[in-house]
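Fold and contact review
One letter stands for each residue in the lines below.
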Amino acid sequence: MTRAFSGADVIYLIEAARWTVALALVAIVGGGVLGLVVAVFRVAAFRPLNWLASGYVNLIQGTPLLGQLFIFFFGLPLFKIQVDPWVAASMALSLYSAAFLGEIWRGSLQSVSRRQWEAAAALGMPYGQQLLYVVLPQAIRISVAPTVGFLMQLVKDTSLTALIGFIELTRASQIITAATFAPLPVYGTAAVIYFVICFSLGRLSARLERRSHAAR
Amino acid sequence: MSYNFRFSALEPYAGEIVKGVFLTLQLSLITMVIGLAIGLFVALGSTSPLRSLRVPVRIYVEAIRNTPLLVQLFIVFFGLPSLGVRFDANMAAVIGLSVNVGAYCGEILRAGFESIRPSQIEAGRALGMTAGQTFRNVVLFQAVKAIYPALTSQFVLLLLATSVVSSIGATELFHQAAFIDSRTYRSFEAYTLVTLAYLGMTLVIRAMFSAIYWLVFVRRPRA
């Protein structure tokens, strides 16, 4: 039995978009913690750590996200972990984000001039203080805009979790399409919702970038 | 953990995976070529002095860059038939991917054009080169050098993104994983193997691209 595509469906799609946003936020927080480790390992003065981190980044950036999602979806049950699409999706996306955030933050750390480290050392600060009080505040300012830019990328990437059955905006569109058989208006609405979220994030990122340039 | 990993169960399907690798490479190459052609129009359109040309091109680029590829594919494959435009899955995949990558290529090419300063062209002309010589020896070489790294990483991103078209049933490498999974019930092994096949492809392609960059731009035989 099919029914017409109505305003109630639009509301349902907007509600489903909350899960898209929630998933992206979980992934950026989870990926952020791990990404910090990746970034620090990449710049650490110990070769094996550099190799470990760049190997991880190459592995994640060299394989399709869809493959990573499927490996988690089918792999977690083998370790007796309850296979909820929500768990698989948030774990896979966090590991995925960690690689990208790690690279963004490594770039930000390295873009702080060598002389800043040296100046801090000349003031008698130990390594931890040099990083914490001198380099990090500058690196964070540089990294904010590309990090928000990546969040926009991540919102789009969450659509792939529909294929392992996580109900977010894209999966919700599939469900409504099955009921209304009106694919064009349904997917069109979904596209508009994605557009609103991503376009705002893109604008925010551009504004932050201008501001961080103005401040220097 | 009591699960027995049996990658050997996939052995009879080695041929399917090799076939999938070639289908994926073929799909990536075709869509990259079409995407570059679209990108050329986008780059020319978005730098055009004509507003009536600039605005629609910007709308196209923003619409593509702010929506997920998966939704774009669903619109092409499931949505357009209700307007009477019908494609088979492989055709829809080529169209969806090309339209998607065209927007990104357009941005890269535009940046490439803008990176050439007019003084470079004037300098070439002042040295007595014809307009054609200036274009070939001064503009083209520098423009290609400027956009080469971005284009190659765009190609790798495209190669990875082609896995998404398996969701509308187009035949490529990821689709082969689903097929093998359905025959062997070895989901984890099948998807792991195929994902690693993508890793192999991207590593080889990246190495190839940087070798070409070194041969053409770093060694500069004709400098």
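Above: the structure in question.
These lines cover the structure that appears in this document, whether it is placed above or below. Please read all numbers here as calculations on a predicted model, not as lab measurements.

**What to know about the overall build of chain B**
- The helix and strand tally for chain B stands at eight helices and zero strands.
- Each helix and strand of chain B, placed in order from N terminus to C terminus, yields the pattern α-α-α-α-α-α-α-α.
- In summary, chain B has a C-alpha radius of gyration of 22 Å against a globular reference of 17 Å for 223 residues, an excess of more than 25%.
- Its C-alpha atoms put chain B at 75 × 50 × 30 Å along the principal axes.
- A buried classification covers 36% of the 223 residues belonging to chain B.
- Counting contacts in chain B only where the partners sit at least 6 residues apart, residues at least 24 apart contribute 75% of the total.

**Things to note about the overall build of chain A**
- When helices and strands are tallied, chain A shows eight helices and zero strands.
- Based on the C-alpha atoms only, the size of chain A along its principal axes is roughly 75 × 45 × 25 Å.
- Expressed as a percentage of the 216 residues in chain A, the buried residues total 42%.
- Taking as baseline every contact in chain A between residues at least 6 positions apart, the subset at least 24 positions apart corresponds to 76%.

**Re the interface of chain A and chain B**
- Contacts between chain A and chain B engage 31 residues on the former and 30 residues on the latter.
- Contributing elements (two or more residues each) for the side of chain A that touches chain B: α3 (65–75), α7 (169–180) and α8 (183–214) of chain A.
- Residue contributions to the side of chain A that touches chain B peak at 11 residues, all from α8(A).
- Each residue belonging to the side of chain A that touches chain B can be placed in one class, and the counts come to 20 nonpolar, 10 polar and one charged.

**Points about the packing of α3(A) against helix α8 (residues 187–218) of chain B**
- Close contact between α3(A) and α8(B) brings their axes to 9 Å; oriented N to C, the two are set at 155°. Taken together, the axis directions place α3(A) and α8(B) in an arrangement best described as roughly antiparallel. For the crossing formed where α3(A) meets α8(B), the hand is left-handed. Residues A:Gly67, A:Gln68, A:Phe70, A:Ile71, A:Phe74 and A:Gly75 of α3(A) pack against B:Ser187, B:Phe188, B:Tyr191, B:Thr192, B:Val194, B:Thr195 and B:Tyr198 of α8(B).
- Considered class by class, the residues forming the contact of α3(A) with α8(B) number seven nonpolar, six polar and no charged.

**Here we look at helix α2 (residues 47–61) of chain A**
Residues and elements named next belong to chain A.
- Taking 1.5 Å of rise per residue, the 15 residues of α2 would be expected to cover 21 Å, and the 21 Å separating its terminal C-alpha atoms lies within 8% of that figure.
- Among all positions in α2, only Ala 53, Val 57 and Ile 60 are buried. Along the axis of α2, the buried positions cluster into a sector of 70°, meaning they face one direction only. Summarising the geometry of α2, the exposed residues directed more than 90 degrees from the buried face are Arg 47, Pro 48, Trp 51 and Gly 55.
- Structurally, α2 contributes buried residues whose contacts are with α1 (7–43) and α4 (85–111).

**A short note on the environment of B:Phe78**
- Looking at where B:Phe78 falls in the secondary structure, it is placed in helix α3 (residues 69–79).
- For B:Phe78, a count of 19 C-beta atoms within 10 Å gives the class partly exposed.
- Expressed as a C-alpha distance, the spacing of B:Phe78 and B:Ile168, which sit 90 residues apart in the sequence, is 8.8 Å.
- Contacts of B:Phe78, omitting those with residues within four sequence positions, involve A:Thr177, A:Pro183 and A:Tyr187.

**Here's the deal with unusual backbone geometry**
- The phi angle at A:Phe181 is positive, at roughly 50°, despite the residue not being glycine.
- Among the structural elements, A:Phe181 can be located in the loop between α7 and α8.
- Judged by local crowding, A:Phe181 falls into the partly exposed class, with 14 C-beta atoms found within 10 Å.
- Phi angles above zero are rare outside glycine, and B:Tyr185 is one such case at about 60°.
- Structurally, the position occupied by B:Tyr185 is in the loop between α7 (173–184) and α8.
- Since 10 C-beta atoms lie within 10 Å of it, B:Tyr185 is described here as exposed.

**Thoughts on the nonpolar core**
- Grouped together as the largest cluster of nonpolar side chains are 103 residues, with contacts concentrated most on A:Leu69, A:Val155, A:Ala190, A:Tyr194 and B:Leu73.
- If we ignore the near neighbours within four places in the chain, the residues touching A:Tyr194 are A:Val155, A:Lys156, A:Leu169, B:Asn66, B:Thr67, B:Pro68 and B:Val71.

**What about helix α6 (residues 131–161) of chain B?**
All names here are of chain B.
- Its axis deflected by about 45° at Tyr 148, α6 carries its strongest bend there, up to four residues before the proline Pro 149.
- Regarding α6, the residues found buried are Thr 134, Ile 147, Gln 154, Phe 155, Leu 158, Leu 159 and Leu 160.
- For α6, the secondary structure elements touched by its buried residues are α1 (14–46), α4 (89–114), α5 (118–126) and α8.

Rules used in this analysis
- Residues numbered from 1 in each chain as written.
- Chains lettered and ligands numbered in written order.
- Predicted model: local features only at pLDDT ≥ 70, side-chain atom pairs only at ≥ 80, totals over all residues.
- Helix = DSSP H or I, 4+ residues; strand = E, 2+ residues; numbered from the N terminus.
- Rg over C-alpha atoms; globule rule 2.2 N^0.38 Å.
- Buried ≥ 20, exposed ≤ 12 C-beta atoms within 10 Å, placed from the backbone.
- Contact = placed C-beta atoms within 7 Å.
- Nonpolar A, V, L, I, M, F, W, Y, C, P; charged D, E, K, R; others polar.
- Axes fitted to C-alpha atoms, helices over the stretch in contact; angles between N-to-C directions.
- Parallel < 35°, antiparallel > 145°, perpendicular 65-115°, else oblique.
- Left-handed = near helix turned anticlockwise from the far one by under 90°.
- Expected span 1.5 Å × (residues − 1).
- Arc of directions from axis to C-beta.
- Core = buried A, V, L, I, M, F, W, Y, C linked by C-beta atoms within 7 Å.
- Bend = angle between axes of the 7 residues up to and from the residue.

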